[in-house]
Amino acid sequence: AQSVAQPEDQVNVAEGNPLTVKCTYSVSGNPYLFWYVQYPNRGLQFLLKYITGDNLVKGSYGFEAEFNKSQTSFHLKKPSALVSDSALYFCAVYNQGGKLIFGQGTELSVKP
Amino acid sequence: GAGVSQSPSNKVTEKGKDVELRCDPISGHTALYWYRQSLGQGLEFLIYFQGNSAPDKSGLPSDRFSAERTGGSVSTLTIQRTQQEDSAVYLCASSLREGTLYTIYFGEGSWLTVV
């Protein structure tokens, strides 16, 4: 069965510092991986996805993610965090049955 | 509309009552999904509609939950005889087609509280 794990419930970063939100996956076959962000009291917004090709995927709001097959990881990164990046981040994998399976989410807190 | 539209945005209901939650997907999107987000439970898949195919109902937690999609567009999620554990955010999503090439877009959610 396809699954993703987000090992950190919370990540704290100072504004201007680089941030990383971790995600590891377990799939049979080729992985199709996604990141979504949820701001307080809002729905999920799509950030980026990896389907095939370049291991470094660039997405919205300056975020990028690196696909690493040997480590089965798809970590979300940003070179310089903003206070407005504070939100809940979800990693997801596409299930061949046609739906997304989500990780438990990581709360990112960026302090000034 | 420009995005996935859900109504009501907030609903408070008494235990035992039935509720209906509505989802209007992005125009032209053939795939429609319902997810539930509970405190401490993460995002839980409920049901998935793709075109004229039979829906994937494998995530519905009990027979009190049902969903339909009329005319290949609007969907209604119905919860009968609501229980307090049904309190959650119900998120609807849609994509142009099934498949990894097509991004899944989410609505703002319907916040359900059962008292």
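Structure: see above.
For every chain, the first residue of the written sequence is number 1, and numbering continues from 1 along that sequence. Chain labels run from A onward and ligand labels from 1 onward, assigned in the order the entries are written. Restriction of local features to residues with pLDDT of at least 70 applies here, the model being predicted, together with a cutoff of 80 or more for giving and counting side-chain atom pairs; totals for whole chains, interfaces and linings are based on all residues. Remark: hydrogens and water are excluded; side-chain values derive from all non-hydrogen atoms of the structure.

Asker: Could you give me a rundown of the overall build of chain B, with the residues and numbers involved?
Answerer: In this text, helices come from DSSP runs of H or I with a minimum length of four residues, and strands from runs of E with a minimum of two, each type numbered from the N-terminal end. Tallying secondary structure elements over chain B gives zero helices and ten strands in all. When the helices and strands of chain B are listed from N to C terminus, the series reads β-β-β-β-β-β-β-β-β-β. Each radius of gyration reported is based on C-alpha atoms, and the globular scaling rule is 2.2 Å times the count of residues to the power 0.38. Taking 2.2 N^0.38 as the reference for a compact globule, 115 residues should give roughly 13 Å; the C-alpha atoms of chain B span a radius of gyration of 13 Å, in line with that estimate. Seen through its C-alpha atoms, chain B measures out along the principal axes to roughly 40 × 30 × 25 Å. Accessible area is worked out with a 1.4 Å probe on protein chains only. A residue is then buried under 20% of its type maximum, exposed over 50%, and partly exposed in between. For chain B, the residues scored as buried account for 50% of the 115 residues in total. When contacts within chain B are restricted to residue pairs at least 6 apart in sequence, long-range pairs at least 24 apart make up 56% of them. Split by element, the accessible area of chain B, about 5600 Å² in all, is 46% carbon and sulfur. For chain B, the distance from the average position of its 10 positive side-chain charges to the average position of its 12 negative side-chain charges is 2 Å. Contacts are assigned to residue pairs with any non-hydrogen atoms lying within 4.5 Å of each other. Computed by Shrake-Rupley with a 1.4 Å probe, the accessible areas treat only the displayed protein chains as cover when residues are assessed. Positive charge is attributed to Lys and Arg, negative charge to Asp and Glu, and no charge count is given to His or to the chain ends. The atoms used to mark charge sites are NZ of Lys, CZ of Arg, CG of Asp and CD of Glu.

Asker: Can you break down the interface of chain B and chain A residue by residue, with the values?
Answerer: Taken residue by residue, the interface counts 23 residues in chain B and 21 residues in chain A. Buried area counts how much accessible surface, traced with a 1.4 Å probe, disappears from two parts once they are put together, with both parts' losses summed. Each partner contributes to the roughly 1800 Å² buried at the junction of chain B and chain A, and carbon and sulfur atoms together form 55% of this total. Salt bridges are identified by distance alone: a Lys or Arg side-chain nitrogen within 4 Å of an Asp or Glu carboxyl oxygen. Here chain B and chain A share two salt bridges between them. Between K99 of chain A and D56 of chain B there is a salt bridge, with the nearest N and O atoms lying 2.9 Å from each other. Between N or O atoms, a polar contact is any pair within 3.5 Å; within protein, one atom must be a potential hydrogen donor and the other a potential acceptor, and residues adjacent in sequence are included only when both atoms are from side chains. Run the count over chain B and chain A and you get six residue pairs in polar contact (both at pLDDT 80 or more). Taken together, the elements giving at least two residues each to the side of chain B that touches chain A come down to β4 (31–38) and β5 (42–50) of chain B. Among the elements that line the side of chain B that touches chain A, the one with the most residues is β5 of chain B, at four residues.

Asker: Go over the pattern of salt bridges, please, and point to the residues and values.
Answerer: Side-chain pairs of opposite charge can arise where the charged atoms are in close proximity. Residue and element names in this part refer to chain A. In the structure shown here, the tally under the stated rule is nine salt bridges over all chains. With a shortest N-O distance of 2.8 Å, D85 and K78 are connected by a salt bridge. Grouping residues by exposure puts D85 and K78 together as buried.

Asker: An account of unusual backbone geometry is requested, with residue identities and associated values reported.
Answerer: The omega torsion of the bond from S7 of chain B to P8 of chain B falls at -10°, within 30 degrees of zero and hence cis. Positionally, P8 of chain B belongs in the loop between β1 (5–7) and β2 (10–13). Even without glycine at this site, Y61 of chain A takes up a positive phi of about 60°. Among the secondary structure elements, Y61 of chain A is positioned in the loop between β7 (56–58) and β8 (64–68).

Asker: Any chance you could break down the environment of L44 of chain A for me, citing the residues and the numbers?
Answerer: Looking at the secondary structure, you find L44 of chain A in strand β6 (residues 44–50). Taking the C-alpha atoms as reference, L44 of chain A lies 18 Å from Q10 of chain A; in sequence the two are 34 residues apart. Setting aside chain neighbours within four positions, we find L44 of chain A in contact with Y36, V37, Q38, F90 and F102 of chain A together with L43, L91, F106 and G107 of chain B.

Asker: With reference to specific residues and values, describe the state of the cysteines.
Answerer: Residues and elements named next belong to chain B. The disulfide criterion is simple: two cysteine sulfur atoms within 2.5 Å. Overall, the coordinates contain two disulfides over all chains when judged by the stated rule. Note on cysteine connectivity: C23 is disulfide-linked to C92, with sulfurs 1.9 Å apart. For the disulfide bridge between C23 and C92, the dihedral angle about the S-S bond is near -70°, and by the sign convention the bridge is left-handed. Of the two residues, C23 sits in strand β3 (residues 19–24) while C92 sits in strand β8 (residues 88–95), which places them 69 residues apart along the sequence.

Asker: Go over the nonpolar core with me, naming the residues and quoting the values.
Answerer: Residue and element names in this part refer to chain A. Within this scheme, the nonpolar core is defined by two criteria: the residues are buried Ala, Val, Leu, Ile, Met, Phe, Trp, Tyr or Cys, and they are joined through side-chain atoms within 4.5 Å. Residues W35, L47, L48, F74, L76 and Y89 are the most contacted members of the largest nonpolar core, which totals 27 residues. Listed by contribution, the elements that provide at least two residues to this core are β2 (10–14), β3 (19–21), β5 (33–38), β6, β8, β9 (73–78), β10 (87–95) and β12 (106–111). Counting residues per element, this core draws most heavily on β10, at four residues. Not counting chain neighbours up to four residues away, the residues in contact with F74 comprise C23, L33, F34, W35, L48, K49, Y50, V57, A65, E66 and F67.

Asker: Break down the sheet that holds strand β7 (residues 75–79) of chain B for me, with residues and values.
Answerer: Across a sheet, strands are paired by hydrogen bonds formed along the backbone, either parallel or antiparallel in direction. Residue and element names in this part refer to chain B. Any two strands with at least two DSSP-identified bridges between them are counted as paired. With antiparallel pairing, the four strands of this open sheet are ordered in space as β1-β3-β7-β6. Since the sheet does not close on itself, it has two edges, and those belong to β1 and β6 (65–69), each with one partner. Across the sheet, the axes of successive neighbouring strands diverge by a mean angle of 15°, strand direction being ignored. Taken together, the five bridges between β3 and β7 define a ladder with antiparallel strand orientation. Its bridge partner lying in β7, L21 is registered against L77. For every element, the axis is a line fit to its C-alpha atoms; helices are fit only across the contacting stretch, and the angle between N-to-C directions ranges from 0 to 180 degrees.

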